[in-house]
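Single-letter residue listing:
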Amino acid sequence: MARWHHSLTLRLALAFALLATLVFAALGIYLSRSADSHMAELDAHELLGKLALARHIGSREQSPAALAARLADALVGEHGVLVAVDGEKGPIFTWPAGGQAAVLATAPAGLGDTPVRLTLAGQDLRIVAGRMETAWGETVRVVVARDIHHHTTFLDERLRDLWLAVLAAALLTVVVG
């Protein structure tokens, strides 16, 4: 077995670079998971709030048209949020108008009040859903989703930057010693 004959300084530098790389990698993975968990929690608060809003409006309005009008007014300015209210006879309301929320019609029936991450028609979404008794006596399904593409893009960029920094630090440690 051939022995590795290099200076003690080089061996120590390589050992330190390896250890530093492992520590920074573990820290990066922890921070990435923490950020993802934090974003999921923020999304959950927003989604459950919108679900509560839809249920509140639905319990007060006396017709599907009144529900749709009031819910549309309440959701003005909500970017990245998708809402669908489907009754026994078909769709009652979708937000935003223009078909973007049509993807929610393909959401699985078993969704509940716990946010789930799903990809529907190529869109990465966090979704909650629930049933609601309306003031006009119909039971409807409310689905609320948030497009999380900006979250995943942000996290992917930070993770890439972290790995580049870890690589640069390891190379610099080996070169400088």
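See the structure shown above.
Residues numbered from 1 in each chain as written. Predicted model: local features only at pLDDT ≥ 70, side-chain atom pairs only at ≥ 80, totals over all residues. Heavy atoms only, no water.

**Student:** Looking at this model, I keep getting lost on the packing of helix 1 (residues 8-60) against helix 3 (residues 149-176). Mind explaining?
**Tutor:** Two measures define how a pair of helices packs: the angle their axes make with one another and the distance between the axes. With their axes 9 Å apart at the nearest point, helix 1 and helix 3 run at an angle of 170° to one another. With respect to their mutual orientation, helix 1 and helix 3 come out roughly antiparallel. The residue makeup of the contact of helix 1 with helix 3, split by class, is 17 nonpolar, 5 polar and 2 charged. (Axes fitted to C-alpha atoms, helices over the stretch in contact; angles between N-to-C directions. Helix = DSSP H or I, 4+ residues; strand = E, 2+ residues; numbered from the N terminus. Parallel < 35°, antiparallel > 145°, perpendicular 65-115°, else oblique. Nonpolar A, V, L, I, M, F, W, Y, C, P; charged D, E, K, R; others polar.)

**Student:** Help me out: how do you make sense of the sheet that holds strand 3 (residues 116-120) in this one?
**Tutor:** Hydrogen bonding along the main chain pairs the strands of a sheet, whether they run parallel or antiparallel. Taken together, the 5 strands give an open sheet; going across it, the order is 2-1-5-4-3, and neighbouring strands pair in antiparallel fashion. Every other strand in the sheet has two partners, leaving strand 2 (90-95) and strand 3 as the edge strands with one partner each. Direction aside, the axes of adjacent strands within the sheet are offset by 30° on average. In this sheet, strand 5 (residues 139-147) lies alongside strand 1 (residues 81-87) in antiparallel orientation, the contact comprising 6 bridges. Looking at the pairing, Val-83 lines up with Val-144 of strand 5. (Pairing = 2+ DSSP bridges.)

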